[in-house]
Amino acid sequence: MNLDWLSGPHAVYILPAYAIALAVYLYTALAPVFSGKRQLRQIADIHQHQDQQPS
Amino acid sequence: MSSHTSFWKRCKTWFHRWGSPAWFYRTSGLIIPWLWAGFFLLAIPGLIWGLSIAPPDYLQGDSYRIIFIHVPSAWQSMLIFAVMAILALIGMVWRIRVAETLAMCCAPIGAAFTIVTLATGSLWGKPTWGTFWQWDGRMTSELVLLFLYLGVIGLQQAIEEPRKAARAAGLLALVGVVNLPIIHYSVEWWTTLHQGTTISFFGESSIDASMLWPLLIMAIAAKFYFGAALLTRTRNTLLLQDREKNWVRETVQGEKS
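Residues numbered from 1 in each chain as written. Chains lettered and ligands numbered in written order. Predicted model: local features only at pLDDT ≥ 70, side-chain atom pairs only at ≥ 80, totals over all residues.

What about the overall build of chain A?
Per the secondary structure count, chain A includes 1 helix and 0 strands. Against the globule reference of 10 Å for 55 residues, chain A gives a C-alpha radius of gyration of 23 Å, more extended than a compact globule. Dimensions along the principal axes, computed over C-alpha positions, put chain A at roughly 70 × 20 × 10 Å. Scored against the burial criterion, the 55 residues of chain A give a buried share of 16%. (Helix = DSSP H or I, 4+ residues; strand = E, 2+ residues; numbered from the N terminus. Rg over C-alpha atoms; globule rule 2.2 N^0.38 Å. Buried ≥ 20, exposed ≤ 12 C-beta atoms within 10 Å, placed from the backbone.)

Here it is in structure tokens:
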């Protein structure tokens, strides 16, 4: 393992590049997971509301 | 009936099943965890190899290590656009709603890959070329790709009826495909600050194997990521579109219990 570049002059470019990538990819992957869970709850509430309506 | 014919018939039936939103939702739910597993199994060793085992470049020093995120993102940004256009075409020709939905869900993921490509390329450009940005062929055409993705997303959101929106945005995706060869050949057609092709799948690559392997591993990891993210988004969209249908009612009840 050689991480000498962390103390080198290029770390100021490499670290932000990976940080930006991590932030963008995490958001892209996780946003639909959380919105999906919220959506399931909302749909379940709609169905429950419909079932409670007198036919 | 011969076994050969029955095999193709089974393949055809399996393929057609993907057109059913209910079947798609169920099956993709089983596939997604495996795609994430594949992504992590490749991305973790790929990153460790690229950031700590691969040697520094003789000319660029350590700044080249941005390649392990920049190049896989750039390849993926182009591949996703092509996939989006093919799915949009399938949706238009055969009127398959799942294909239309898949195509539309490609756009935000492709935009994310393009943003990362532009940002990491810019950060790599500063120590290598002395500038964060130059209006050269490769960079400008990649920026145009981002605008195309944003155009597809915007057009889709601007039209209320989902199927009409998917068809209109799909048409833009089909037209936008013309930008892909421009991105690829920009370094050959024009004098660009961006370096020429380093990796060749049919000829000899001008990159050392110690750098090539982690790069290829990261590129494959990006495909697994795309698969998982695409299926997750498509499942959500189908669920919302079909919220009044029985399969959604059963699915929601199943997930609650």
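Now that the structure has been shown, the text picks up again.
Remarks on the overall build of chain B
A count of helical and extended segments in chain B gives 9 helices and 0 strands. For chain B, the N- to C-terminal ordering of α and β elements is α-α-α-α-α-α-α-α-α. In terms of overall dimensions, chain B has C-alpha extents of about 60 × 45 × 40 Å along its principal axes. Relative to its 257 residues, chain B shows a buried fraction of 39%.

Details of the nonpolar core
Grouped together as the largest cluster of nonpolar side chains are 68 residues, with contacts concentrated most on Ile66, Met84, Ala103 and Cys106 of chain B. Elements with a minimum of two residues in this core: α1 (11-52) of chain A together with α2 (21-53), α3 (67-94), α4 (97-129), α5 (137-158), α6 (162-176), α8 (209-241) and α9 (246-256) of chain B. Element by element, the count of residues in this core is highest for α4 of chain B, at 17 residues. (Core = buried A, V, L, I, M, F, W, Y, C linked by C-beta atoms within 7 Å.)

Topic: α1 of chain A
If you check α1 of chain A, its first and last C-alpha atoms are 61 Å apart, about what 42 residues at 1.5 Å a residue would give, namely 62 Å. The largest bend in α1 of chain A amounts to roughly 25° and is located at Leu30 of chain A, with the proline Pro32 of chain A lying one to four residues further along. (Expected span 1.5 Å × (residues − 1). Bend = angle between axes of the 7 residues up to and from the residue.)

Overview of unusual backbone geometry
Unlike most non-glycine residues, Arg95 of chain B shows phi in positive territory, near 55°. Inspection of the secondary structure assignment puts Arg95 of chain B in the loop between α3 and α4.

What to know about the interface of chain A and chain B
Every contact between the two is made by 27 residues of chain A and, on the other side, 33 residues of chain B. Its residues assigned to classes, the side of chain A that touches chain B comprises 19 nonpolar, 8 polar and no charged. (Contact = placed C-beta atoms within 7 Å. Nonpolar A, V, L, I, M, F, W, Y, C, P; charged D, E, K, R; others polar.)

A look at α5 of chain B
Residues and elements named next belong to chain B. Its 22 residues place the ends of α5 31 Å apart at the C-alpha level, agreeing with the 32 Å of an ideal helix rising 1.5 Å per residue. Inspection of α5 places Gly137, Arg138, Met139, Ser141, Glu142, Leu145, Leu148, Tyr149, Val152 and Gln156 among the buried residues, and these make up the whole buried set. Looking at the buried side of α5, the elements it contacts are α3, α4, α6 and α7 (179-189).

Some thoughts on the confidence of the model for chain B
The pLDDT averaged across chain B works out to 93; a share of 98% of its residues lies at or above 70. In the predicted complex, the global pTM is 0.94; the interface-specific ipTM is 0.92. (pLDDT = per-residue confidence, 0-100.)

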